[in-house]
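One letter stands for each residue in the lines below.
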Amino acid sequence: MSSKRRRHVAALLVGYIAFTVGVSVAAGAVPTGYEISIYNATPTPFWVGVVVAFVTAILVSLNAPVATARHRLALLLGTLVGLSVAMLPMIRDYYYYGVGDALSYLGWTRMIAEGSLNPVNFLYPGIHSTAVTLTSVSGLPPRRSLQLVVLFFVGLYVLFTALCVARVAARSNAVAVGTFFALLFLPINNIHTYIFPYPTSEAIFFTPFALYVLLRYLGDRESLLTVRGVRVVTPLGVILTLVGIAAILVHPQAGSNVLFAIVAGLGLQVLAQLYGHFRFEERITGHRSLAPQAVVVGLFFALWTPRFERATGTMGTVVSGLLYGANPADEISQSSSSLSAIGSSIGVLFAKVFLVSTVLSIVAGLVMLAATTDRLDDRYPDRNVLLRYLTFAFVPVFVLFGIFFITSVTRQPFRYLGFMMVFVTILAAVAVADGIPFGLDFSTENWRAAVAVVVVLMVVPQAMTLHQSPHMYKDSDHVPETYYEGHVTTFENRDPSVWFAGPRGGPRRFVDAYYGTTYSDYTPTGEHFPGKEEKIPFAVFGNNESTHYSHCRYVPLTSRDYKKEIGLYEGFRYSAEAFRSFRQNPDVYRVQSNGDYRLYFVRGEDCLR
């Protein structure tokens with residue numbers, strides 16, 4: 001055994017031990033209450049262990065010969081580190097992870113499992129049906145199954161992002177570069193894409209699988225059905241069609257981007273047929289046509305999506321914004337004012353969340369520019385053609401991002417930004433692996449060392465924004481068991497004539513999680529929850545609730561409310577004095593408590609008279 005090989009083996013041994021110890025320590029640190037920051041609450045040995053393991057994985061994978069056991073073990077170690085950080089709430093045994101929409105998705109999953117919701121009548125049944133299947137097979141509760149579904153899609157994303165890079169790049173170490181760039185998780189921005197159960201995110205994580213099948217299908221020579229010597233149906237063609245349909249079922253809006261990628265590829269093929277001077281036209285015209293997949297997947301999208309009012313409503317909003325105008329700066333201005341009040345700025349937040357994405361987007365932009373202006377190395381024609389396909393596939397997504405931005409459809413642009421980051425990740429990784437546009441050789445020791453340093457420097461800020469935390473001026477999405485069980489006790493023992501309210505909104509999401517949702521004050525089983533979304537005005541809370549409301553109100557308060565408003569936002573909207581005054585109001589009565597969750601009864605002016 002050579003000395004270099006011995007060093008690699010020793011380093012991998014240290015890395016795997018450090019990772020195992022770190023994960024074991026984290027798994028033993030089960031939370032006892034709400035954690036506003038999973039980063040601060042997770043024991044230091046975990047972070048030390050994953051840092052040692054990740055650095056080891058990078059150094060060994062970039063230096064060990066490709067296809068050796070050392071190389072593969074290093075890639076496996078790096079992937080395990082990335083997945084452990086992404087799935088840290090599962091490792092820490094969080095009761096549930098996802099405070100907002102994720103709780104509603106839990107309710108829908110329960111409805112499908114109970115048979116009260118037919119998946120065919122649900123806009124995006126993909127992850128919910130998968131979780132129900134997993135629950136029926138494993139016996140796990142839906143809240144656990146949904147978390148495992150997220151793990152599956154995250155793993156799929158890392159694997160096929162690396163394979164996409166390997167399929168496109170010309171150099172042998174592309175899999176390693178692709179793997180570590182995938183572990184940056186650029187699509188997650190915590191504005192409209194998240195690491196918890198969220199169909200949009202899962203559809204985005206599913207995209208590299210679709211892109212890989214598309215890139216492989218282009219040169220497919222096998223056949224399932226041949227008519228007069230023409231290959232009509234191929235295995236990869238069938239898989240690509242099914243993958244396109246599956247993406248739409250996971251989430252039609254995000255999944256439609258797979259359809260756009262197929263259509264864009266077809267458009268490139270048509271251009272190659274029409275213009276004889278088009279460079280690489282012979283290679284493109286020799287590829288299998290994407291027309292069958294575009295037609296079948298497009299037809300499925302056209303039949304599935306318009307049946308749902310929510311999908312058509314979004315399109316109506318977009319059209320209205322284009323016709324009558326909108327001001328996308330309004331929400332940015334409001335956020336900027338709020339950040340200034342707590343001593344930060346929109347620039348600081350942008351740097352924390354988007355600095356790495358911006359840098360890699362510039363790199364990806366240079367690659368796309370080189371691909372469309374024939375400035376790539378002619379020694380790698382196959383790579384250059386595939387880069388052109390990816391460039392064309394990127395265009396419709398970028399256009400949609402612009403449309404949603406100028407029409408100010410809430411945070412919708414950030415969904416498309418997350419999808420764009422899939423392309424950015426692949427293209428930037430290809431640029432690094434092949435030295436585009438500078439023609440650098442990855443086989444040189446200095447270039448590999450530079451790549452290792454840059455990846456480590458990028459991973460740290462990206463890892464800090466993978467989960468919501470005070471680092472990015474947000475509270476954690478941790479849902480302790482005390483919160484869920486406290487709300488359930490309230491729902492089962494409440495007086496139906498009493499309405500709800502709460503700081504920044506009532507208990508709507510927990511109602512959704514327990515009963516399911518109907519987008520109204522009524523549950524699917526007919527229970528009435530008036531005020532479940534009612535937000536107590538800033539000036540009213542802790543001041544004059546009993547005179548402001550005519551109906552009696554239930555006001556649930558959790559430790560999260562206090563930590564967020566006082567610890568994170570420094571009393572910007574709801575002050576410590578307001579919380580204190582609220583509890584001391586003689587017309588406010590505490591009627592339930594389990595420590596982390598408390599329910600208060602507010603006597604209104606006209607109730608109980």
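## What about the overall build of the chain?
A tally of regular secondary structure across the chain gives 25 helices and eight strands. Looking at the chain as a whole, 53% of its 609 residues qualify as buried. Here the contacts in the chain between residues at least 6 apart in sequence split such that 74% fall between residues at least 24 apart. Here the chain displays about 25600 Å² of accessible surface, and carbon together with sulfur accounts for 61% of that area.

## Notes on the pattern of salt bridges
Once the charged atoms of two side chains with opposite charge are near each other, the side chains can pair. Tallying each qualifying case throughout the model produces twelve salt bridges. In this structure, the salt-bridge partner of Asp-374 is Arg-388, at a minimum N-O distance of 2.7 Å. Highlighted residues: Asp-374 in the loop between helix 17 (346–372) and helix 18 (381–406) and Arg-388 in helix 18, separated in sequence by 14 residues. On the accessibility criterion, Asp-374 (32% relative accessible area) is partly exposed. Taking the relative accessible area as the measure of exposure, Arg-388 reaches 4% and is therefore buried. Here Arg-504 makes a salt bridge to Glu-565, at a shortest N to O gap of 2.4 Å. Pair noted here: Arg-504 is in the loop between strand 5 (499–500) and helix 22 (508–515) and Glu-565 is in helix 24 (residues 559–568), with a separation of 61 residues, a long-range link. Residue class for Arg-504 comes out partly exposed when judged on its relative accessible area of 36%.

## Side note on the environment of Gly-78
Along the polypeptide, Gly-78 turns up in helix 4 (residues 69–86). Along the backbone, Gly-78 and Thr-56 are 22 residues apart, and their C-alpha atoms lie at a distance of 8.2 Å. In contact with Gly-78, not counting residues within four places along its chain, are Phe-54, Ala-57, Phe-180 and Leu-183.

## Re the packing of aromatic side chains
This model, assessed by the stated rule, comprises 48 aromatic pairs. Here the aromatic rings of Phe-300 and Trp-304 are separated by 5.8 Å at their centres, their planes lie at 15°, and the arrangement is stacked. One end of the pair is Phe-300 and the other is Trp-304, both in helix 14 (residues 291–304) and four residues apart, which spans about a single turn. The exposure class of Phe-300 is partly exposed, given its relative accessible area of 22%. The buried category is assigned to Trp-304, whose relative accessible area is 10%. Their ring planes at 80° and their centres at 4.8 Å tell us that Tyr-514 and Tyr-515 sit as a pair that is edge-to-face. Tyr-515 gets classed as buried once you look at its relative accessible area, which sits at 16%.

## Some points on the environment of Gly-107
With respect to the helices and strands, the residue Gly-107 is situated in helix 6 (residues 101–114). Assessed through its relative accessible area of 0%, Gly-107 is described here as buried. A sequence separation of 410 residues divides Gly-107 from Thr-517, and the C-alpha atoms of the two residues are 6.9 Å apart.

## Some points on a nonpolar patch on the surface
A contiguous nonpolar patch, built from Leu-13, Ile-17, Val-21 and Val-25 and spanning about 340 Å² of accessible area, is present on the exposed surface. Position of Ile-17 relative to the elements: it lies in helix 1 (residues 3–28).

## Comments concerning the packing of helix 1 against helix 3 (residues 44–63)
For the pair helix 1 and helix 3, interaxial distance at closest approach is 7 Å and the crossing angle is 155°. With respect to each other, helix 1 and helix 3 are oriented roughly antiparallel. Between helix 1 and helix 3 lies a crossing whose hand is left-handed. Contacts between helix 1 and helix 3 involve Lys-4, His-8, Ala-11, Leu-12, Val-14, Gly-15, Ala-18, Phe-19, Gly-22, Val-23, Val-25 and Ala-26 on the former and, on the latter, Pro-45, Phe-46, Gly-49, Val-50, Val-52, Ala-53, Thr-56, Val-60 and Asn-63. Of the residues belonging to the contact of helix 1 with helix 3, the class tally is 14 nonpolar, six polar and one charged.

## Here we look at the nonpolar core
Val-154, Phe-181, Phe-185, Ile-195, Leu-360 and Leu-387 are the most contacted members of the largest nonpolar core, which has 172 residues in total. Of all the elements, helix 19 (residues 413–434) adds the most residues to this core, at 16 residues. When residues no more than four places from it in sequence are discounted, the contact partners of Phe-185 are Gly-82, Ala-86, Val-154, Tyr-157, Val-158, Phe-205, Gln-462 and Leu-466. Grouped together as the second largest cluster of nonpolar side chains are 14 residues, Tyr-549, Ala-578, Val-588 and Val-602 included.

## Overview of the pairing of strand 7 (residues 588–593)
For strand 7 and strand 8 (residues 597–602), the ladder comprises five bridges, and the chain directions are antiparallel. Bridging from a neighbouring strand, Ser-593 pairs with Arg-598 of strand 8. Connecting strand 7 to the antiparallel partner strand 8 that follows it, the hairpin turn spans three residues, and Gly-595 within it adopts a positive phi of roughly 100°.

## Concerning the pairing of strand 6 (residues 553–558)
Here strand 6 lies mainly inside the structure; six of its six residues are buried. What you see with strand 6 is no split at all: Arg-553, Val-555 and Leu-557 on one side and Tyr-554, Pro-556 and Thr-558 on the other are buried throughout. Strand direction decides the pairing type here: strand 5 and strand 6, joined by two bridges, are parallel. Bridging across to strand 6, Phe-500 finds its partner in Tyr-554.

## Observations regarding the sheet that holds strand 5
Spatially, the four strands line up as an open sheet ordered 5-6-8-7, and their pairing is mixed. The sheet terminates laterally at strand 5 and strand 7, the two strands that pair on one side only.

## Some details on the packing of helix 7 (residues 126–138) against helix 8 (residues 142–168)
At a closest axis distance of 8 Å, the pairing of helix 7 and helix 8 adopts a crossing angle of 115°. Between helix 7 and helix 8 lies a crossing whose hand is right-handed. Contacts between helix 7 and helix 8 involve Ile-127, Thr-130, Ala-131, Leu-134 and Thr-135 on the former and, on the latter, Pro-142, Ser-145, Leu-146, Leu-148, Val-149 and Phe-153. Split into classes, the residues belonging to the contact of helix 7 with helix 8 amount to eight nonpolar, three polar and no charged.

## Describing the side chain of Ser-256
Position of Ser-256 among the secondary structure elements: in helix 12 (residues 252–274). For Ser-256, a relative accessible area of 4% corresponds to the buried category. Residues contacting Ser-256, with those up to four places away along its chain left out, are Ile-248, His-251 and Phe-301.

## Details of unusual backbone geometry
Unlike most non-glycine residues, Asp-93 shows phi in positive territory, near 65°. Relative to the assigned elements, Asp-93 resides in the loop between helix 5 (88–91) and strand 1 (96–97). Although it is not a glycine, Tyr-519 sits at a positive phi angle of roughly 60°. Position of Tyr-519 relative to the elements: it lies in the loop between helix 22 and helix 23 (545–548). A relative accessible area of 52% means that Tyr-519 is categorised as exposed.

Cut-offs applied
- Residues numbered from 1 in each chain as written.
- Predicted model: local features only at pLDDT ≥ 70, side-chain atom pairs only at ≥ 80, totals over all residues.
- Heavy atoms only, no water.
- Helix = DSSP H or I, 4+ residues; strand = E, 2+ residues; numbered from the N terminus.
- Buried < 20%, exposed > 50% of the residue type's maximum accessible area, 1.4 Å probe, protein only.
- Contact = heavy atoms within 4.5 Å.
- Areas by Shrake-Rupley, 256 points an atom, 1.4 Å probe, with all protein chains shown as cover.
- Salt bridge = Lys/Arg side-chain N within 4 Å of Asp/Glu carboxyl O.
- Phe/Tyr/Trp six-rings, centres within 6.5 Å; stacked < 30°, edge-to-face > 60°.
- Patch = residues over 30% accessible without salt bridge, like charges linked within 9 Å, V, L, I, M, F, W, Y side chains within 5 Å.
- Axes fitted to C-alpha atoms, helices over the stretch in contact; angles between N-to-C directions.
- Parallel < 35°, antiparallel > 145°, perpendicular 65-115°, else oblique.
- Left-handed = near helix turned anticlockwise from the far one by under 90°.
- Nonpolar A, V, L, I, M, F, W, Y, C, P; charged D, E, K, R; others polar.
- Core = buried A, V, L, I, M, F, W, Y, C linked by side-chain atoms within 4.5 Å.
- Pairing = 2+ DSSP bridges.

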